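# Results of the structural survey
The primary structure of each chain is shown beneath.
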Amino acid sequence: MSWTIAVDGKACLGSGMCAGARPDVFALDGAHARVLADSVEPDEGLLDVADSCPAAAIVVTGADGTELAPRD
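Here is a short report on the structure shown in this document. (Residues numbered from 1 in each chain as written. Predicted model: local features only at pLDDT ≥ 70, side-chain atom pairs only at ≥ 80, totals over all residues. Heavy atoms only, no water.)

What follows deals with the overall build of the chain. Along the chain, the regular secondary structure elements total 2 helices and 5 strands. For a compact globule of 72 residues, the expected C-alpha radius of gyration is about 11 Å, and the chain comes in at 11 Å, within 12% of that figure. Structurally, the chain occupies a C-alpha span of about 30 × 25 × 20 Å along its principal axes. Each of the 72 residues in the chain was classed as buried or not, and the buried ones make up 31%. For the chain, the proportion of contacts with a sequence separation of at least 24, taken over those separated by at least 6, is 48%. (Helix = DSSP H or I, 4+ residues; strand = E, 2+ residues; numbered from the N terminus. Rg over C-alpha atoms; globule rule 2.2 N^0.38 Å. Buried < 20%, exposed > 50% of the residue type's maximum accessible area, 1.4 Å probe, protein only. Contact = heavy atoms within 4.5 Å.)

Okay, the pattern of salt bridges next. Should the charged atoms of two oppositely charged side chains come close, the side chains can pair. Overall, the coordinates contain 6 salt bridges when judged by the stated rule. Between R71 and E44 there is a salt bridge, with its nearest N and O atoms 2.9 Å apart. In this pair, R71 is assigned in the segment after β5 (67-69) and E44 in helix α2 (residues 44-52), connecting sequence segments 27 residues apart. In this structure, R71 and D48 form a salt bridge, with 2.9 Å as the shortest nitrogen-oxygen distance. On the criterion of sequence distance, the pair formed by R71 in the segment after β5 and D48 in helix α2 is long-range, its members being 23 residues apart. On the basis of relative accessibility, which here comes to 35%, the residue R71 falls in the partly exposed class. Taking the relative accessible area as the measure of exposure, D48 reaches 38% and is therefore partly exposed. Members of the salt-bridge network, linked through shared partners, are E44, D48, D51 and R71. (Salt bridge = Lys/Arg side-chain N within 4 Å of Asp/Glu carboxyl O.)

So, on to the environment of A69. Within the secondary structure layout, A69 lies in strand β5. A69 gets classed as buried once you look at its relative accessible area, which sits at 0%. With 68 residues separating them in the primary sequence, A69 and M1 have C-alpha atoms 16 Å apart.

Here strand β2 (residues 26-29) runs beside strand β3 (residues 32-35); their pairing, made up of 4 bridges, is antiparallel. Across the sheet, residue D29 finds its bridge partner in β3, namely H32. As consecutive antiparallel partners, β2 and β3 are separated by 2 residues, and within that stretch G30 has a phi angle of approximately 65°, a positive value. (Pairing = 2+ DSSP bridges.)

Along the chain, S52 turns up in helix α2. Spatially, the C-alpha atoms of S52 and C18 are 8.3 Å apart, while their sequence positions differ by 34 residues.

With 18 residues, the main nonpolar core has I5, F26, I58 and V60 as its most contacted residues. Listed by contribution, the elements that provide at least two residues to this core are α1 (17-21), α2 and β4 (58-61). (Core = buried A, V, L, I, M, F, W, Y, C linked by side-chain atoms within 4.5 Å.)

So this is what it looks like as structure tokens:
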């Protein structure tokens, strides 16, 4: 089972928080972050990164299509 991570480029503020916390998954390209992998193994830390995004621009989706983060 794997998760999909997406960054909404229109919402992203380019804070770099995600790339700083998880450089194995995110990179900062100019003013916006991007995801480095198409899918990732489940990892609670990635949910925390998505929850911490100041623009709520990171979405983590489970293998069944359920949105796992950002959490309310």
